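Chain by chain, the residues run as shown.
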Amino acid sequence: MRTWFWTLVLLTAAVVLAVVLRENTGHVLILVNDWRLQVSLAFAVVALVGFFVCVYVLLRVTSWLVAIPMRVRGWNSRRHVKRDQELLEQGWTELLEGRYSHAEKDLTKLFDRSTDSSRQVLAALSAARAAHALGEFGRRDHLIALAKEKASDDSSLKEAIATAAADLYLDQGLAAQALEALLPLQERSARHIHTLRLLLRAYRQLNRYDQVYALARTLNRRGALHETEARQIIETAAAARLRETTHDGKWHAFWKELKSDERTLTEVALAGAAAFEANGQLEEASRALEQAIPLSFDPRLLAAYSRSEPSQVKRRLEKAETWVQSRPNDAELLAAVGHLCLVGQIWGQAENYLSRSLSKRADARVHVLLGSLYDKLNRPQEAAAQWRLATALGTALPVLATDSFLPVADIASDPGVLHAEGLSYLAESGFPANWDHDPHIENTGLKTADDIPGDPARDNFDEYFDSAPVAGLGEPAPVSTLPPLPEKKA
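What counts, and where the lines are drawn
- Note that residues are indexed from 1 along each chain, following the sequence as it is written.
- Only residues with pLDDT of at least 70 get local features here, since the model is predicted, and only at 80 or more are side-chain atom pairs given and counted; chain-wide, interface and lining totals rely on the full set of residues.
- Water and hydrogen atoms play no part in the side-chain values, which are based on all heavy atoms of the structure.
- Numbering of helices and strands starts at the N terminus; helices are DSSP runs of H or I of at least 4 residues and strands are runs of E of at least 2.
- Here, two residues are considered to be in contact whenever any of their heavy atoms come within 4.5 Å of each other.
- Here the open area of atoms and residues is found with the Shrake-Rupley method and a 1.4 Å probe, where only the protein chains shown may cover a residue.
- Here, strands pair whenever DSSP counts at least two bridges between them.
- Multiplying 1.5 Å by the helix residue count minus one yields the expected span of that helix.
- Buried means the residue's accessible area, taken with a 1.4 Å probe over protein chains only, is under 20% of the maximum for its type, while exposed means over 50%, and partly exposed covers the values in between.
- Of all possible arcs, the one meant is that of the directions from the helix axis to the C-beta atoms.
- Each Phe, Tyr or Trp ring (for Trp, its six-membered ring) is paired with any other whose centre lies within 6.5 Å, and the angle between the two planes then decides the class: stacked below 30 degrees, edge-to-face above 60, tilted in between.
- Geometrically, a charge over a ring is one whose NZ (Lys) or CZ (Arg) sits within 6 Å of the ring centre while staying within 35 degrees of the ring normal.
- Definition used for salt bridges: Asp or Glu carboxyl oxygen within 4 Å of a side-chain nitrogen of Lys or Arg.
- Put simply, a patch holds well-exposed residues, over 30% relative accessible area, that have no salt bridge, with like charges counted together within 9 Å and Val, Leu, Ile, Met, Phe, Trp or Tyr side chains within 5 Å.

Trainee: Is there a simple way to explain the overall build of the protein chain in this structure?
Mentor: Secondary structure assignment for the protein chain yields 24 helices and two strands. Across the protein chain, the fraction of contacts at a sequence separation of at least 24, relative to all contacts at a separation of at least 6, is 51%. Carbon and sulfur atoms provide 56% of the accessible area of the protein chain, an area that totals close to 31,500 Å².

Here is the structure:
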């Protein structure tokens, strides 16, 4: 559009100038020393325009000729950049496709060929990620070191190297090394969400729950963590922090720092109640559980609430009975109230609530509580029945079959006399062929080797024949089925 506009302007100017010059018939006189030149005004104007055009063309041609080396260098630079971009694109495509060996090869080639430090750092970090995926951690660390050398004093490149290296270290489980790389960035990267997430992962692996709690709250406030994930991390970290500091006195200050909605999380409420009980503050322990139970009625909270000291039974029982009015069919709540009645020795109400809980759901723990109740009431048969039911629910009992014995071996078909050929065949395999004509047996007057206890002949015989029945062993074996006997040399 601009070209058409200026073309129209020039044409208009040319027409106006032609009309003006046609009407004006003046002359232009040029005097230089003794030299005199007189021309018409129109010719002078045309000559000036032509001179301007010639000078302009000459200057442009000269500038183009002078800029040839610069253009050649620019062309080479663009060619190198294009080649680097192609290698980088190919390497990243292979990295995303999971062809890590090819990606590492192409990216390493890019690192060697490129002359730009930024592209070299990017290629080295990408190749390090490919080597990490291949399990080549030595090559990965070498590539990270090369990237650090090329980054020199560029703060942005150093930050990129630190975050990339920390991510790889965390994948390997080296939280200490990742934290060492991230700590220099913690102050100036307080606004970088990715750095804070990496720090959160590192502190979680190192079980440093104070830092985990603070980072999780920060990321949740910035919307960098999903609400469910943030609550889970905060719950785990806060509960662990309370348990760690229960015996050194710092838990109480940490409990005050918690928000009201954080105190009602299940694990936090359990840890807080345990800390209060350990320090003798039973009222505060009951209050911590009472704030959390109505929000979820978690079985762990109800079980902890039912394990009450005798001095707290009345308070907790009154509170629990109000919950039963709104949730009369909650088996866990009924069991908790029955447990409280059992601790408070209110036998009738304990049996009522525990039986109602069993009518809603079979539970081994409730059977055990009922068994203990019946044992206190001197009802041993019912107590034993409840304990048996608890055992059956809690353990998969095997089904025992009736006692049985192996049948007596049938020795009626055992062979008595072997034919000569079969006896010779056995003799070659080591069986005593003259076992029934042993001189020792004849001198003793006994008929068989079985009559002599501990005799070697009898032991050898028992080695070949046992008392188990063998089908067809008592029948004479056909001669044709036996292998041919080797000929004896004279």
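Trainee: Please explain the pairing of strand β2 (residues 35-40) as it appears in this structure.
Mentor: On any regular strand, side chains alternate: one points to one face of the sheet, the next to the other face. In terms of strand pairing, strand β1 (residues 27-32) meets β2 through six bridges, oriented antiparallel. Bridge pairing in β2 links valine 32 to tryptophan 35. Hairpin connection between β1 and β2: a loop of two residues separates the two successive antiparallel strands, and asparagine 33 in this loop has a positive phi of roughly 55°.

Trainee: Is there a simple way to think about helix α17 (residues 313-326) in this case?
Mentor: The α-helix advances 3.6 residues per turn, and as a result positions three or four apart in sequence lie on the same side. The end-to-end C-alpha distance of α17 is 20 Å, a good match for the 20 Å that 14 residues give at a rise of 1.5 Å each. Every buried residue belonging to α17 is among Val313, Arg316, Leu317, Ala320, Trp323 and Val324, and all of these are buried. The buried side chains of α17 occupy one side of the element, clustering within an arc of 120° when seen end-on. Structural note: α17 exposes Lys314, Gln325 and Ser326 on the side pointing more than 90 degrees away from its buried face. Those residues of α17 hidden inside the fold are in contact with α14 (266-278), α15 (282-296), α16 (299-306), α18 (331-343) and α19 (347-360).

Trainee: Hey, could you run me through the packing of aromatic side chains in this one?
Mentor: Across all of its chains, the model carries seven aromatic pairs by this definition. Taking 5.6 Å as the distance between ring centres and 85° as the angle between the ring planes, the aromatic pair formed by tryptophan 255 and phenylalanine 276 counts as edge-to-face. With tryptophan 255 in helix α12 (residues 251-257) and phenylalanine 276 in helix α14, this residue pair connects regions lying 21 residues apart in the sequence. For tryptophan 255, a relative accessible area of 7% translates into the label buried. For phenylalanine 276, a relative accessible area of 2% corresponds to the buried category. An angle of 50° between the planes, with centres 5.4 Å apart, marks the rings of tyrosine 305 and tryptophan 323 as tilted. Residue tyrosine 305 is located in helix α16, and its partner tryptophan 323 is located in helix α17; the two are separated by 18 residues in the primary sequence. Its relative accessible area of 1% is what places tyrosine 305 among the buried residues. Among the aromatic side chains, those forming a connected cluster through ring pairs are Trp251, Trp255 and Phe276. Above the face of the tyrosine 305 ring, arginine 316 is positioned so that its terminal group lies 5.0 Å from the ring centre. Over the face of the ring belonging to phenylalanine 297 we find arginine 327, whose NZ or CZ atom lies 4.2 Å from the ring centre.

Trainee: For this particular structure, what's the right way to read unusual backbone geometry?
Mentor: What you tend to see is this: most non-glycine residues have negative phi, and most peptide bonds are trans. Residue asparagine 207 is not a glycine yet carries a positive backbone phi of 60°. Examined against the element boundaries, asparagine 207 turns out to sit in the loop between α9 (193-205) and α10 (209-221). With a relative accessible area of 44%, asparagine 207 lands in the partly exposed category. Phi is positive for asparagine 378, which is not a glycine, with a value near 60°. Secondary-structure assignment places asparagine 378 in the loop between α20 (364-376) and α21 (380-394).

Trainee: Can you help me understand the environment of arginine 208 in this one?
Mentor: Structurally, the position occupied by arginine 208 is in the loop between α9 and α10. Taking the C-alpha atoms as reference, arginine 208 lies 8.8 Å from arginine 241; in sequence the two are 33 residues apart. Apart from the residues within four sequence positions on either side, arginine 208 is in contact with Leu179 and Tyr203.

Trainee: What am I meant to see in the pattern of salt bridges here?
Mentor: Between side chains of opposite charge, a pair can form as their charged atoms come close. Overall, the coordinates contain 24 salt bridges when judged by the stated rule. Taking the shortest distance from any N to any O, the salt bridge between arginine 241 and glutamate 244 comes out at 3.9 Å. Note that arginine 241 and glutamate 244 are positioned in helix α11 (residues 227-244) at a spacing of three residues, about one turn of the helix. Three or more residues joined by partner-sharing salt bridges are found here, namely Arg129, Asp167, Asp171 and Arg201.

Trainee: Would you mind going over the side chain of serine 286 with me for this structure?
Mentor: Among the structural elements, serine 286 can be located in helix α15. Discounting residues that sit within four places of it in the chain, serine 286 has contacts with Tyr305, Gln312, Arg315 and Arg316.

Trainee: Mind showing me how you'd approach helix α4 (residues 100-113) here?
Mentor: Its 14 residues place the ends of α4 20 Å apart at the C-alpha level, agreeing with the 20 Å of an ideal helix rising 1.5 Å per residue. If you follow the buried residues of α4, they end up packed against α3 (68-97), α5 (117-133) and α6 (137-151).

Trainee: Mind showing me how you'd approach a nonpolar patch on the surface here?
Mentor: Taken together, the side chains of Val49, Phe52, Val53, Tyr56, Val57, Val61, Trp64, Leu65, Ile68 and Val72 define a hydrophobic patch exposed on the protein surface, amounting to about 930 Å² of accessible area. At the level of secondary structure, the elements contributing two or more residues to the nonpolar patch comprise α2 (41-66) and α3. No other element matches α2, which puts eight residues into the nonpolar patch. Among the structural elements, valine 72 can be located in helix α3. Judged by relative accessible area, valine 72 falls into the partly exposed class, the value being 41%.

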